[in-house]
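# Coordinate inspection notes
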Amino acid sequence: MIQEEAGRSGTKRVSLEMGGKSPCVIMDDADMDLAVEIAVKAAYENQGQTCCAGTRTFVHEKIYDEFVKKSTEAVGKRKVGDPYDLDNSQGPQVDQEQMEKIMILMDAGKKEGAKLQIGGKRIGDKGYFLESTLFSDVKDEMRIAKEEIFGPVMQILKFKTLDEVIKRSNDTNYGLAAGIVTKHMDNALMYVQSVNAGTVWVNDFLVINAQAPFGGYKQSGHGRELGEDGLKEYCEVKTVIIKVPQKNS
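I will try to describe carefully the structure that is included in this document. (Residues numbered from 1 in each chain as written. Predicted model: local features only at pLDDT ≥ 70, side-chain atom pairs only at ≥ 80, totals over all residues. Heavy atoms only, no water.)

A side chain with one charge can pair with a side chain of the opposite charge if their charged atoms come near. Inspection of every chain in the model, using the stated rule, returns 11 salt bridges. A salt bridge links Asp-107 to Lys-110; its shortest N-O distance comes to 3.8 Å. Here Asp-107 pairs with Lys-110, and both are found in helix α4 (residues 96-111), just 3 residues apart, close to one helical turn. Judged by its relative accessible area of 36%, Asp-107 falls in the partly exposed class. Here Lys-110 falls in the partly exposed class, since its relative accessible area comes to 35%. We note a salt bridge from Glu-131 to Lys-121, for which the minimum N-O separation is 3.6 Å. (Salt bridge = Lys/Arg side-chain N within 4 Å of Asp/Glu carboxyl O. Helix = DSSP H or I, 4+ residues; strand = E, 2+ residues; numbered from the N terminus. Buried < 20%, exposed > 50% of the residue type's maximum accessible area, 1.4 Å probe, protein only.)

Written as structure tokens, this is what we have:
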């Protein structure tokens, strides 16, 4: 809609950031506790209402069961309630419409065969509070693995090789962000070079600063915010050509 209106009103140039379905890859050499900490932050920060949330958590088959167990335990410790209470980890969703969309996708996950490890329900009947939710045994073709949920829902998928997870990471209409947790820089650099995403984190997630440009590939938008590239969105390039009538040197 914004792009259409920009065209109708004088072909205005716009920079658009339109969300994502970001992968968070956990290699078999990763420190387990650190990997769980990063993945939980990636999925649940700001109630999952983060454009670059790492909700597709790809975990190597060698450590998959242990990761699911430890992640479920970590999610179970999260407290949901008043966001002004510092003891709480998670507040409400932004409004009822968004809460209902999230609940529809959680129901779709159950119906399509994903294993609900924890959560999956609304809390009470006042406000828009949802349980922190985690699905395992998720397949790429499931709705919860394809659609942007924009809520506190982590999906854990299993993979065997780096080549495989790169291909599956890129098998999406989005390309806003991605991340990998590994001790080997060869793995990290191969993933960084190969994944189609505007921002890629190594051994961290959701780190944004004013000096680094932020934006996406494919349907995640075009243009960049922040950094020098963000300033260029507000600039025009002028070419000046001067014919010199006489050479003076």
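After that view, the rundown keeps rolling.
Turning next to the sheet that holds strand β4 (residues 115-118). Spatially, the 7 strands line up as an open sheet ordered β4-β5-β6-β3-β2-β7-β8, and their pairing is mixed. At either end of the open sheet lies a strand with only one pairing partner, and these are β4 and β8 (199-202). With direction set aside, neighbouring strand axes in the sheet form an average angle of 20°. One ladder, built from 5 bridges, connects strand β3 (residues 56-60) with strand β6 (residues 153-159); its direction is parallel. Along β6, the bridge assignment pairs His-60 with Phe-159. The strands touched by helix α2 (residues 32-44) within the sheet are β2 (23-26), β3, β5 (133-136), β6 and β7 (177-181), with β6 carrying the most contacts at an inclination of about 130°. In this fold helix α3 (residues 64-76) packs onto β2, β3, β4, β5 and β6, with an angle of close to 170° to the strand it touches most, β6. (Pairing = 2+ DSSP bridges. Axes fitted to C-alpha atoms, helices over the stretch in contact; angles between N-to-C directions. Contact = heavy atoms within 4.5 Å.)

For Ser-136, the position within the fold is in strand β5. Within the structure, Ser-136 has its side chain in polar contact with the side chain of Gln-117 (distance 2.7 Å). (Polar contact = N/O pair within 3.5 Å; in protein donor to acceptor, adjacent residues only side chain to side chain.)

Ile-26, Phe-67, Met-154 and Ile-156 are the most contacted members of the largest nonpolar core, which has 29 residues in total. When residues of this core are traced back to their parent elements, those giving at least two are β2, α2, α3, β6 and β7. With 9 residues, α2 is the single largest residue contributor to this core. Apart from residues lying up to four places away in sequence, Met-154 is in contact with Ala-39, Val-40, Ala-43, Tyr-44, Thr-55, Thr-57, Thr-133, Leu-134 and Phe-135. In this structure, Phe-58, Ile-144, Val-153 and Val-165 belong to the second largest nonpolar core, which totals 27 residues. (Core = buried A, V, L, I, M, F, W, Y, C linked by side-chain atoms within 4.5 Å.)

Taken as a whole, this structure holds 0 disulfides when the rule is applied. Between Cys-24, a cysteine without a disulfide, and Cys-52, which holds the nearest cysteine sulfur, the sulfur-to-sulfur distance is 12 Å. Relative accessible area serves as the criterion here: at 0%, Cys-24 is assigned to the buried category. (Disulfide = S-S within 2.5 Å.)

Along β7, 5 of the 5 residues are buried, which leaves the element largely enclosed by surrounding structure. Residues Ala-177, Gly-179 and Val-181 line one face of β7 and the alternating positions Ala-178 and Ile-180 line the opposite face, and both faces are buried. Examined bridge by bridge, β2 and β7 share 3 bridges and lie parallel to one another. Bridge pairing in β7 places Val-25 opposite Ile-180. Where the polypeptide runs from β7 across helix α7 (residues 185-194) and back to β8, its parallel neighbour, the crossover connection is right-handed. (Right-handed = clockwise from strand over helix to strand, strands pointing away.)

The phi dihedral of Asn-46 falls on the positive side, at around 60°, and the residue is not glycine. Looking at the element boundaries, Asn-46 is found in the loop between α2 and β3. For Leu-226, which is not glycine, the phi torsion reads 70° and is therefore positive. Mapped onto the elements, Leu-226 comes out in the loop between β9 (221-222) and α8 (227-232).

In the contact formed by helix α6 (residues 162-170) and α7, the axes pass within 10 Å of each other and the chain directions differ by 30°. Between α6 and α7, the angle is such that the two are roughly parallel. For α6 against α7, the interelement crossing comes out right-handed. On α7, the residues touching Leu-162, Ile-166, Ser-169 and Asn-170 of α6 are Asn-187, Met-190, Tyr-191 and Ser-194. Here the residues of the contact of α6 with α7 sort into 4 nonpolar, 4 polar and no charged. (Parallel < 35°, antiparallel > 145°, perpendicular 65-115°, else oblique. Left-handed = near helix turned anticlockwise from the far one by under 90°. Nonpolar A, V, L, I, M, F, W, Y, C, P; charged D, E, K, R; others polar.)

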